[in-house]
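# Chains, contacts and geometry: an overview
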Amino acid sequence: MERKGSNWIRILPVLVAALAILVVVVWMNRATWFGGADGTRPAEQAVGQAAGSPAGEVGPSMTDLEQRWATVTGSPPVWPEDFLSPSDCRQVVEELRSLAGRLDRRPYVADWDLPDGVYGLLTGSALDLADNRPQVTGELTRLDAVLANASHGYLVLGRQRLERILRLIREEPDTVEPLALALFRWLRVRDRCGNPADRGPGVHAQYEYAAFALNSLGGQAYLRRRPARIEALAGFYALLVLDRSIEEGYNPYGLDPAREVRRYRQMLSGQDLLFTGRYRDQLADLESRHSPGGG
């Protein structure tokens, strides 16, 4: 008994010291492990602040992709119910302007001194491209046509504008996905915009560039020079543009979007994108309607 008692006396200081260390560690990490005074964890607070809402109103914790989306857009990610057919032109334009306006605050973008900011850079470029369309068919019959298609963006937009757009893609990778969504909806809402200044390129011009991206050497050359996630998104939206044009009875080149669906569905699956599941659903619907026997 005396031996056992002496053993406890020797161990007791070690146990006390270990308990003290444990208490200190828990105290130092209380905000991380148990949340702040308002019950939110630091990551949730950061997302709530990025989304412009008070800390604690975020709800369930977000994934990394959701947090990145909220940081660059200022609001949590929500897939629009009217994705393919937005009806409110003002809302769509405001969403695009808001996202572009956040890019305007980047120091390197401010140095460009753009007259209408990134919004004007992107929409103005889209309209200029619509007025100067590439050659989609017969490019292999003439060498100069191949060269012109391969440098089409440079020839139409000029070196400075093209380099600025490419720099935005390079410097703001997390903005690419929400910006692509906003630009696509801006194209779709065109016919519902009363103000001509808010209207994007017409359906025929959109078709020409979708065909250019999917069915020409020049368009493929442009896409293949971009990061894989950019190529995947561009191909996805090109297929949707092509699908809409076909539905409206305009398909002068006789293109079949279903032929490209598998390739872009696989490409999208391997990318770091938030709405991959939504993209795959859209492509599955497109394929079912254009495949033999489809609706």
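Preceding block: the structure.
So, here is what we can say about the structure in this document. In this text the structure is predicted, and so the values were computed from the model without any measurement.

Cut-offs and rules
Within any chain, residue numbers begin from 1 and follow the written order of that chain's sequence. It should be noted that, the model being predicted, local features are given only for residues of pLDDT at least 70 and side-chain atom pairs only at 80 or more, the latter also being counted only at that level, while totals for whole chains, interfaces and linings use all residues. Side-chain figures throughout are based on the complete set of non-hydrogen atoms in the structure, without hydrogens or water. In this analysis a 1.4 Å probe is tested at points of a 1 Å grid over the protein atoms alone, and where it fits but cannot get out there is a cavity; an open set with protein on both sides within 12 Å along at least five of seven lines is a pocket; lining residues have an atom within 4 Å of a point. Grid points are joined across faces, edges and corners, and a volume is the space filled by probe spheres set on the points. A helix here means a DSSP run of H or I that spans at least four residues, while a strand means a run of E at least two residues long, and both kinds are numbered starting from the N terminus. Here, a salt bridge means any Lys or Arg side-chain nitrogen found within 4 Å of an Asp or Glu carboxyl oxygen. Throughout this description, buried means an accessible area under 20% of the type-specific maximum (1.4 Å probe, protein chains only), exposed means over 50%, and partly exposed covers the range between. Note on aromatic contacts: the rings of Phe and Tyr and the six-membered ring of Trp form a pair at centre separations within 6.5 Å, being stacked when their planes are under 30 degrees apart, edge-to-face when over 60 apart, and tilted otherwise. By definition in these notes, contact holds between two residues if any of their heavy atoms fall within 4.5 Å. As used in this record, nonpolar core signifies buried Ala, Val, Leu, Ile, Met, Phe, Trp, Tyr and Cys residues forming a set joined through side-chain atoms within 4.5 Å.

## Looking at empty space enclosed by the protein
A probe matching the size of a water molecule, rolled over the atoms, marks out where space remains unfilled. Under the counting rule described, the total for this entry stands at two cavities of 30 Å³ or more. Roughly 1300 Å³ of volume is contained in the largest cavity. Around the largest cavity sit 40 residues that line it, and L129, I165, L183, L223 and A234 are the ones nearest its centre. For the lining of the largest cavity, the elements supplying multiple residues, two or more each, are α7 (117–131), α9 (152–171), α10 (176–188), α11 (203–215), α12 (217–224) and α13 (228–247). If one sorts the elements of the lining of the largest cavity by residue count, α9 sits on top with eight residues.

## Observations regarding the pattern of salt bridges
One pass over the structure, following the stated rule, counts 19 salt bridges. R68 is paired through a salt bridge with D64; the nearest N and O atoms lie 2.9 Å apart. Pair noted here: R68 and D64 are both in helix α4 (residues 64–73), with a separation of four residues, about one helical turn. Among the residues examined, R68 registers a relative accessible area of 23% and is labelled partly exposed. The shortest N-O distance in the salt bridge between R185 and E95 comes to 3.9 Å. On the criterion of sequence distance, the pair formed by R185 in helix α10 and E95 in helix α5 (residues 89–104) is long-range, its members being 90 residues apart.

## Some remarks on the packing of aromatic side chains
For the coordinates displayed, the defined rule picks out 13 aromatic pairs. Where Y209 meets F212, the ring centres are 6.2 Å apart and the plane angle is 80°; that geometry is what we call edge-to-face. Of this pair, Y209 and F212 both sit in helix α11, three residues apart, which is roughly one turn of the helix. F212 shares its class with Y209; the two are buried. Through pairs of rings, three or more aromatic residues link up here, namely W69, W79, F83, F184, F236, Y237, F275 and Y279.

## Structural notes on the environment of F212
According to the relative accessible area criterion, F212 is buried, its value standing at 6%. Along the chain, F212 and V136 lie 76 residues apart, while their C-alpha atoms are 5.4 Å from each other. When near neighbours in sequence (up to four residues on either side) are disregarded, F212 contacts P134, V136, N149, H152, G218, G219, Q220 and Y222.

## A closer look at the nonpolar core
Judged by nonpolar contacts, the single largest core of 65 residues is most densely connected at F83, V118, L168, F236, Y237 and Y279. For this core, the element with the highest residue contribution is α13, accounting for ten residues. If near-sequence neighbours (up to four positions away) are discounted, F83 is found in contact with L181, F184, R185, F236, Y237, L240 and Q282.

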